[in-house]
Each structure stands twice: as structure tokens, then as C-alpha cells.
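Here are the chains, one letter per residue:
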Amino acid sequence: MSEKIVVFGNNALKVEESEGTLKREVTLVEQQAQGVSVSSDEDYASAGELTRSVKKMQKKVKEYWEPLRVSAKATYDDVLARKKQMLDPLESAEKILKAKMGAYSMEKEKKRKAQEEAMRRLAEQEMARKLEEAAKAEAAGDSLGAEFAMAEAEVMEDVSISGGILSQAPKASGVSQSKAWKITRIDSSAVPVNFEGVEIRPVDEKAVLRLIKESKGTISIPGIQYEETVSISVRT
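The text that follows walks through the structure, step by step, so that each part is easy to find. (Residues numbered from 1 in each chain as written. Predicted model: local features only at pLDDT ≥ 70, side-chain atom pairs only at ≥ 80, totals over all residues. Heavy atoms only, no water.)

### With respect to the environment of Glu66
Here Glu66 lies in helix 2 (residues 41–139). Accessibility expressed as a relative area gives 32% for Glu66, which makes it partly exposed. In terms of polar contacts, Glu66 uses its side chain to reach the side chain of Arg69, at 2.6 Å. (Helix = DSSP H or I, 4+ residues; strand = E, 2+ residues; numbered from the N terminus. Buried < 20%, exposed > 50% of the residue type's maximum accessible area, 1.4 Å probe, protein only. Polar contact = N/O pair within 3.5 Å; in protein donor to acceptor, adjacent residues only side chain to side chain.)

Quick look at the structure:
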């Protein structure tokens, strides 16, 4: 049987020139499996023998490709490592810049909210002063002055409720920002399974299957439907 050289990057590997033969064997086994009919105990036994042959063929194919896989993986891992060496500093730089830009944007919004709150408090104070002024004018019989003072108090009330400073996010070409949130603490015991129609504690399928297996398929779990199947294991 002749040999050929397969090259992956800087790695050269000798392999037997048998891929075509192996492929034909694999195809033949598949065709045999497609033609099998299991309708008796003898057929079942024959199918078992053919399955053992399939397992052996799988092992043969894996052994054939393993040296090539190892060589290719070594080259692939080397490329990934060199790529990572270049990308890591850039990803770090991106995180640093985004963090600084985000901190500036948050600080700007914090100042805006502080100014807005200060304006609201001043409006409330002015509203209270105008209400007091209106009361005094009313007591003094100055109905016109009381009316003017009440009108001004209403204006200040509107300012205290709906007045604000327009938010202006910093801008940069090609840069956009949106609101985001991060979780700072979780008390798992207090988290509900469902909240506003959304399941926020995922079903542990492995645990469910374990319960079904332990009950030998007799357990009934709300929301879970299952059916019995057969698992076939074959040793070579």
C-alpha cells in the first residue's frame, strides 16, 4: 500500500493511501444496515452481529483519522493562540475606553438629575410662598392679588411636577449608547419560578429524567410529558 504526505501548516504527516478503500467499506456497511429486517429472534441476533461490525468499523475510521486530527488541531491551536495574543490587548483597550465613556455619560446624567431635583425643590418652595401670599391677600380683602398669587402658584406646581432638564447624551461618530442594567445580588430562595408569565428558573431536564428513571416511568410531573424508548448499547 502506497503512502502520501498530508501537510497541515508546518506539520507534515504520512498516512496510508487507503481513504478510498475505507470509504467503500463504510458505504457497504451502511447499505447492509439499510437492508436489514428484524422480525424474529434470529434476525435480532444477526442485526446485533452487524452492529458489532459497525462499531468495529467506527473504531477503524477513528484510528485512521486520529493522526490527521491531532496534527490539524495542533496547527489550529497554534493559529488561535497567535490570534489571541493580538486580539487580547485590543479587547482590553476596547473595554477600557467603553468603561471611561460609560462613566462620563453616567456622571453627566447624574448631574442632570441633580439639577432637575434642585429645580423641582425650588419650584415647590416658590409654590408654597405664592400660596401663602394668596392666603394673605385673600385675608386682606385683595381678591385680585390673591388670584394672581394662586395663578403663579399653579405655574410653580406644574414646574415641580413635569418640569425637567432635557437629557443630552454625549455623541461621537459611530458610537451609540442605550440603557443597561446589571444584577448586583441574587437571593435564589426568593426568586419565583415564574414572574409576569416568564419562566425565570429554567427546568433542569437532567433532574427530571433522573426522577422518571427512578420511578421506572410511572411518575407524573405537571407540565412534563414523556414517552418510553429503548436504548441499545453494543460492545465490540
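Next comes the rest of the description.
### Quick word on the pattern of salt bridges
Here the structure, examined in full by the defined rule, presents 17 salt bridges. Where Glu25 meets Lys60, a salt bridge forms, and the shortest distance between an N and an O atom there is 3.0 Å. Residue Glu25 is located in helix 1 (residues 19–34), and its partner Lys60 is located in helix 2; the two are separated by 35 residues in the primary sequence. The exposure class assigned to Glu25 is partly exposed, which follows from its relative accessible area of 28%. One salt bridge connects Glu49 with Arg52, and the closest N-O pair in it is separated by 3.8 Å. Of this pair, Glu49 and Arg52 both sit in helix 2, three residues apart, roughly one helical turn. Look at Glu49 and you get partly exposed, because its relative accessible area is 48%. Residues joined in a network through salt bridges with shared partners are Glu126, Arg129, Lys130, Glu133 and Glu152. (Salt bridge = Lys/Arg side-chain N within 4 Å of Asp/Glu carboxyl O.)

### Some thoughts on the packing of helix 1 against helix 2
Interaxial distance between helix 1 and helix 2 falls to 11 Å at its minimum, and their mutual angle equals 155°. The pairing of helix 1 with helix 2 is recorded here as roughly antiparallel in orientation. In this structure, helix 1 crosses over helix 2, and the sense of that crossing is left-handed. Note on element contacts: helix 2 touches helix 1 through Leu50, Val54, Met57, Lys60, Val61, Tyr64 and Trp65, opposite Glu19, Leu22, Glu25, Val26, Val29, Gln32 and Ala33. For the contact of helix 1 with helix 2, the per-class residue count stands at ten nonpolar, one polar and three charged. (Axes fitted to C-alpha atoms, helices over the stretch in contact; angles between N-to-C directions. Parallel < 35°, antiparallel > 145°, perpendicular 65-115°, else oblique. Left-handed = near helix turned anticlockwise from the far one by under 90°. Contact = heavy atoms within 4.5 Å. Nonpolar A, V, L, I, M, F, W, Y, C, P; charged D, E, K, R; others polar.)

Function-wise, these values are silent; they only describe arrangement.
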